[in-house]
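Here is what each chain is made of, one letter per residue.
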Amino acid sequence: MMLSNYLTGHWITGDGEEQQLVNAFNGDYITSISTRGLDFESILEYGRKVGNPALRKMTFQQRGNMLKALAFYLLEKKEKFYKLSTQTGATRADSWVDIEGGIGNLFSNASLRRKLPDESFALDGESISLSKGGTFSGQHILVPKEGVAVHINAFNFPVWGMLEKIAVNLLAGMPAIVKPASVTCYLTQMVVQEIIASGILPKGALQLICGSTGDLLDHVQSQDVITFTGSAVTGLKLKSLPNILANNVPFTTEADSLNCIVLGNDVEPGSADWEIFTKEVRKEMTAKAGQKCTAIRRIFVPASKMDAVKESISKSLSQTTIGNPENEAVRMGSLAGQSQRTEVKNQVSKLLASSQIIYGSLDSVQLLDADAVRGAFISPLLLMNDNPFTTEEPHNVEAFGPVSTLMPYKNMDDAIELSRKGKGSLCSTIVTGDKLIAKEYVLAAATHHGRILVLNQSCAKESTGHGSPLPMLVHGGPGRAGGGEEMGGLRGIKHYMQRVAIQGSPTMLTAITNVYQPGGEGNKSDVHLFKKYFEEIKPGDQLVTDERLITSEDINRFAELSGDHFYAHIATTDFENTMFDKQVAHGYFLISAAAGLFVDSYEKNPVLLNYGVEEFRFTKPVYPGTSIHIKFTCKEKISQDTRSDTPAETGIDIPKGIVKWYVEILDDTKELAGVGTILTMVAKKNI
Ligand code: NDP
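Residues numbered from 1 in each chain as written. Predicted model: local features only at pLDDT ≥ 70, side-chain atom pairs only at ≥ 80, totals over all residues. Heavy atoms only, no water.

1. Overview of the environment of K684
Summarising the element assignment, K684 is placed in the segment after strand 28 (672-683). K684 sits in the buried class, given a relative accessible area of 14%. Once the C-alpha coordinates of K684 and G337 are considered, the two residues, 347 residues apart in sequence, prove to be 57 Å apart. Once residues lying within four places of it in the same chain are set aside, the contact partners of K684 are Y533, F534, E535, S639, Q640, P655 and K656. There is a polar contact of 2.6 Å between the side chain of K684 and the side chain of S639. (Helix = DSSP H or I, 4+ residues; strand = E, 2+ residues; numbered from the N terminus. Buried < 20%, exposed > 50% of the residue type's maximum accessible area, 1.4 Å probe, protein only. Contact = heavy atoms within 4.5 Å. Polar contact = N/O pair within 3.5 Å; in protein donor to acceptor, adjacent residues only side chain to side chain.)

Okay, here's the thing in structure tokens:
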């Protein structure tokens, strides 16, 4: 019973048996793993030579759609994953976070394609003018790195840990080698089996190592990226490897951190926020049996409320049913294995140098439908430390299980100081309804936490909770938490892409980026741009309109029509001490007049609708008597998906895209009076 690795396009087993894997809650043998005898250098080369070229030539739209297809595919198979997941000690609720949370990451990253071009590369920020004459400018772009993303993951989330990471590198255009933690890698392996069987990813996009990585890290190169989730000790050891240092291989660490929750002094026993606080602590201590990198390890409470808090949390913990995760009545399963239990007990004994247990026991636990000896069970342990400023253990020692320490604070400064004593964490929560308390805490504690949740009754019902990293928010933290950052929406893909600043003439940069750069040459055409289909329009296509005289009567009529009688638009205003010399045209009138100049025809044309305005600035007042004309240039095109289940004939699902237009309003001295980007929805020709 050897678990195979998926490498160089094949399912391969290593020589011999290096490790046996067992069921976390009953100790039964599951399978064995080995990577002995594998050629790790060729595994990396395969990713670089086969997976990388296939992914990097795809556009973001194609990669995003690939992730979406994969998410739907895995969702179909989820019950299979849930079934196996119990063997890791996880309850159904724990597995939901791991399995559907992981698949959710695929969906979220798939949706990010809408913010990215239909290209294999992306622009990073706006064009930067570098010369007075406008002939020299700069633009940052991001291109996929040419290597492989190597993900070394923790044991606690065998599915999410893989999917949250590969979703991002695949969207960026890089392949991955995933090395899950050995103890729970059989679940990751099952998901990889399904991914490979789906045929959705290109060859070489994903490889899996179940077991030791051998000499893999001695062969990584500067175009590769390593992410590590696990203990700070291993993280430090790996990122200090000579090959990694010598080649400046990007290395992101996410390590154990001592996350905290603060109870605001405004929260009174028995109040709704008090219940929310108690529930959040219980949830974070018991979910995944406390084996979460984001779990609450330190609880800071106003000294005067400590007795009431002890009572509330202890009562809440006593209502948690512990035992066989396959039993539906169970709310907390086991740790991932016996060695994790030994490790947790060791860490708790270190904490006990300065704290005492006020709820739970190190030696016994009441179980439902399970064996306390064969299964890696442990009781939730609530500790009390009365001297958080003079003892270091609660701020240094992490017991990676259902263990948390209560500590008193006197005032907000103390609470902030205590939260910082963790030397950097992934997340912190403050429960308060008081805006001043919240602001003071968030701004002062922000330097030491990757994410801060301000929790109270106004958001608790819909809150995703203290412990949930979200694909659209950054996950990571300073200092002890590893100093890394992952996910965070578009921020995440940047770890897998090389940012390069390109310089040249705006016309040249337009040709390279396929996004019109201000000042670039426009392409004139005999056909009006509104008569062109999506495929026929090119970035840089430009229309220069006729002139229109702006009169005082126009401005008066616009004021009447819109109801905008701001004093600057009224001819009779005394303009002394104002920004203007006389009656000035409304900015919105100028946009409308611009539309009157660039919009074409009473007949139907490929333009389906006005999609919106992205930004607009008015740069010079336009007074009556001024003639304006418009430079209307295609800036960028974004293709839109078609819902294949809706026939095009219905008119609802016309194949189409969004065209962004760079609109310059010029006055009769050819100076810019306004500039902006407007969007139209344009039909495709293959309608
Ligand atoms: P480790 O640091 O031991 O392992 C993390 C990952 O690194 C595993 O995949 C492990 O593989 C791998 N690894 C270990 N040594 C090497 C090596 N020499 N070369 C390559 N890969 C290596 O952490 P654990 O998973 O055992 O967890 C220990 C502690 O880490 C926990 O108690 C907790 O404090 C912290 N942790 C933090 C998490 C976070 O998200 N921040 C999540 C989970 C744990 P293998 O399993 O094969 O040894």
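2. Comments concerning the pattern of salt bridges
Going through the model one piece at a time under the given rule, you end up with 28 salt bridges. A salt bridge links K292 to E284, with the shortest nitrogen-to-oxygen separation between them at 3.2 Å. E284 shares its class with K292; the two are buried. In this structure, E615 and K635 form a salt bridge, with 3.8 Å as the shortest nitrogen-oxygen distance. Taken as a pair, E615 in strand 25 (residues 607-618) and K635 in strand 26 (residues 627-639) lie far apart in primary sequence, 20 residues in all. For E615, a relative accessible area of 39% corresponds to the partly exposed category. Judged by its relative accessible area of 11%, K635 is buried. Through salt bridges with shared partners, a single ionic network connects E45, R48, K49 and D224. (Salt bridge = Lys/Arg side-chain N within 4 Å of Asp/Glu carboxyl O.)

3. What to know about the sheet that holds strand 15 (residues 381-384)
The mixed open sheet is built from seven strands, whose spatial order is 14-15-16-13-12-17-18. With one partner strand each, in any of the chains shown, strand 14 (356-359) and strand 18 (449-455) form the two edges of the open sheet. Averaged over all pairs of adjacent strands, the angle between strand axes in this sheet comes to 25 degrees, irrespective of strand direction. Across four bridges, strand 15 lies against strand 16 (residues 403-409) in parallel orientation. Paired with L383 across the bridge in strand 16 is T405. (Pairing = 2+ DSSP bridges. Axes fitted to C-alpha atoms, helices over the stretch in contact; angles between N-to-C directions.)

4. Topic: the sheet that holds strand 6 (residues 137-144)
Strands sit in the order 5-6-21 across an open sheet of three strands; the sheet is antiparallel. Lying at the two open borders of the sheet, with one neighbouring strand each, are strand 5 (122-129) and strand 21 (497-504). The mean angle between the axes of side-by-side strands here comes to 20 degrees, regardless of whether they run parallel or antiparallel. With five bridges joining them, strand 5 and strand 6 adopt antiparallel strand pairing. Bridge pairing in strand 6 links D124 to H140.

5. Concerning the pairing of strand 8 (residues 176-179)
Covered by surrounding structure in strand 8 are A176 and V178 together with I177 and K179, the residues of both alternating faces. Pairing between strand 7 (residues 149-152) and strand 8: four bridges, direction parallel. Counted as the bridge partner of I152 is K179 from strand 8. For the crossover that starts at strand 7, traverses helix 5 (residues 160-172) and ends in the parallel strand 8, the hand is right-handed. Pairing of strand 8 with strand 9 (residues 206-208) involves three bridges; the strand directions are parallel. Note that in strand 9 the partner of A176 across the bridge is L206. Considered for its hand, the β-α-β crossover made up of strand 8, helix 6 (residues 185-198) and strand 9 is right-handed. (Right-handed = clockwise from strand over helix to strand, strands pointing away.)

6. Quick look at helix 11 (residues 338-351)
The terminal C-alpha atoms of helix 11 lie 20 Å apart, and with 14 residues this matches the ideal 20 Å at 1.5 Å per residue to within 8%. Of the positions making up helix 11, those classed as buried are Q340, R341, V344, Q347, V348 and L351. All buried residues of helix 11 lie within an arc of 130 degrees about the axis, which places them on one face of the element. Check the buried side of helix 11 and you find it contacts strand 15, helix 12 (393-396) and strand 16. (Expected span 1.5 Å × (residues − 1). Arc of directions from axis to C-beta.)

7. Focus: the pairing of strand 27 (residues 656-666)
Counting buried positions along strand 27 gives 11 out of 11 residues, so the element sits mostly inside the fold. Residues K656, I658, K660, Y662, E664 and L666 point to one face of strand 27 and G657, V659, W661, V663 and I665 to the other, with burial holding for every one of them. Summarising the sheet, strand 26 and strand 27 pair through 10 bridges and their orientation is antiparallel. Directly across from K631, in strand 27, lies its bridge partner E664. Here strand 27 pairs with strand 28 via 11 bridges, running antiparallel. Looking at the pairing, L666 lines up with L672 of strand 28. Counting the residues between successive antiparallel strands, the hairpin from strand 27 to strand 28 contains five residues, one of them, K670, with a positive phi of roughly 65 degrees.

8. Focus: the nonpolar core
Soluble globular proteins: nonpolar side chains tend toward being buried together. Of all hydrophobic cores here, the largest spans 53 residues; its most connected members are L74, L163, I166 and I195. It is helix 5 that contributes the most residues to this core, eight residues altogether. Of all hydrophobic cores here, the second largest spans 28 residues; its members include F530, F534, A585 and V607. (Core = buried A, V, L, I, M, F, W, Y, C linked by side-chain atoms within 4.5 Å.)

9. Regarding the site of the ligand
As a structural note, the neighbourhood of the ligand is formed by 23 residues, with N153, S182, S231, C293 and E398 the closest of them. A distance of 3.0 Å is found between a nitrogen atom of the ligand and a backbone nitrogen or oxygen belonging to A255. Between the ligand and E398 there is a distance of 2.3 Å, counted from an oxygen atom to a side-chain nitrogen or oxygen. Here the ligand loses 79% of its free accessible area of 870 Å² to cover by the protein chains. Of all the elements in the fold, those that place two or more residues in the shell around the ligand are strand 10 (225-230), helix 7 (232-239) and strand 11 (251-255). Grouping the amino acids of the shell around the ligand by side-chain chemistry returns 10 nonpolar, eight polar and five charged. (Near = heavy atom within 4 Å. Areas by Shrake-Rupley, 256 points an atom, 1.4 Å probe, with all protein chains shown as cover. Nonpolar A, V, L, I, M, F, W, Y, C, P; charged D, E, K, R; others polar.)

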